[in-house]
Amino acid sequence: MKGSAPPFRRQHGRIRRGGAIILSERGEAVAVSKANMEAAARYNKANVRRVTVIFSPLDRDIQRYLESKESMGGYLKKLLREDWERNGCPEF
């Protein structure tokens, strides 16, 4: 669709006066202060974990399949939760 903004998670803002201008999911420009960006960075550092998956050339078929999903992370989390429940939900 011509002229439409990509999803919010893929949008990068321009730095302006210690903050940033980003596009919301609706495509509206939203100002974010430097303090808000720093608070989000502190929260992410303390609470968010990133997991990297490496695909060998032999796994290109499943890589392409995963990339075809609307949300790769959401799809993987759904599969993991289904597997977890199927195997008795061990507590950690």
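Residue positions are given per chain, counted from 1 along the sequence in the order it is written. In keeping with the predicted nature of the model, local features appear solely for residues at pLDDT of at least 70, side-chain atom pairs appear and are counted solely at 80 or more, and the whole-chain, interface and lining totals rest on all residues. Note that the side-chain values use all heavy atoms of the structure and ignore hydrogens as well as water.

Engineer: What is the right way to read the overall build of the protein from this model?
Structural biologist: When its secondary structure is counted, the protein shows 3 helices and 3 strands. Taken over 92 residues, the protein has a buried fraction of 8%. Throughout, a contact is declared for two residues whenever any of their heavy atoms are within 4.5 Å. The long-range fraction of contacts in the protein, counting pairs at least 24 apart against all pairs at least 6 apart in sequence, stands at 2%. For every accessible area listed, the method is Shrake-Rupley and the probe measures 1.4 Å; residues are considered covered only by the protein chains on display. For the protein, the exposed area adds up to about 8,700 Å²; of that, 54% sits on carbon and sulfur atoms. Helix numbering and strand numbering both begin at the N terminus, where a helix is a DSSP run of H or I of at least 4 residues and a strand a DSSP run of E of at least 2. Throughout this description, buried means an accessible area under 20% of the type-specific maximum (1.4 Å probe, protein chains only), exposed means over 50%, and partly exposed covers the range between.

Engineer: Explain the pattern of salt bridges to me, please; I cannot follow it from the model alone.
Structural biologist: Pairing between side chains of opposite charge can happen when their charged atoms approach one another. Counted as salt bridges are all cases of a side-chain nitrogen of Lys or Arg within 4 Å of a carboxyl oxygen of Asp or Glu. In this structure the tally under the stated criterion is 2 salt bridges. A salt bridge links K78 to E82; its shortest N-O distance comes to 3.6 Å. Highlighted residues: K78 and E82, both in helix α3 (residues 72–86), separated by 4 residues, approximately one helical turn. Across the pair D83 and R86 runs a salt bridge whose closest N-O atoms are separated by 3.4 Å. Placement of the pair is D83 and R86 together in helix α3, with a separation of 3 residues, close to one helical turn. What makes D83 partly exposed here is its relative accessible area of 35%.

Engineer: Quick question: what am I supposed to make of a nonpolar patch on the surface here?
Structural biologist: On the surface, V51, V53, L76 and L79 cluster together to form a nonpolar patch covering roughly 350 Å² of accessible area. Its location among the elements puts L76 in helix α3. Only residues whose relative accessible area exceeds 30% and that form no salt bridge are eligible for patches; like-charged ones are grouped when within 9 Å, while nonpolar side chains (Val, Leu, Ile, Met, Phe, Trp, Tyr) are grouped when within 5 Å.

Engineer: What's the story with the packing of aromatic side chains in this structure? I'm lost.
Structural biologist: The relation between two aromatic rings is expressed through the spacing of the ring centres and the mutual angle of the planes. Here a pair means two rings of Phe, Tyr or Trp (six-membered ring of Trp) with centres within 6.5 Å. Their orientation is stacked below 30 degrees between planes, edge-to-face above 60, and tilted elsewhere. Summed over all chains, the structure comprises 1 aromatic pair. Taking 6.1 Å as the distance between ring centres and 75° as the angle between the ring planes, the aromatic pair formed by Y65 and Y75 counts as edge-to-face. Taken together, the residues Y65 in helix α2 (residues 60–67) and Y75 in helix α3 connect sequence positions 10 residues apart. By the criterion adopted, a ring carries a charge over it if an Arg CZ or a Lys NZ lies within 6 Å of its centre and within 35 degrees of its normal. Sitting over the face of the ring of Y75, K69 holds its NZ or CZ atom 4.9 Å from the ring centroid.

Engineer: Can you walk me through α3 in this structure?
Structural biologist: A turn of α-helix holds 3.6 residues, and therefore any two residues three or four places apart point the same way. Working rule for helices: expected span equals 1.5 Å times residues minus one. The end-to-end C-alpha distance of α3 is 21 Å, a good match for the 21 Å that 15 residues give at a rise of 1.5 Å each. Once α3 ends, the next one or two residues include G88, with phi positive near 90°.

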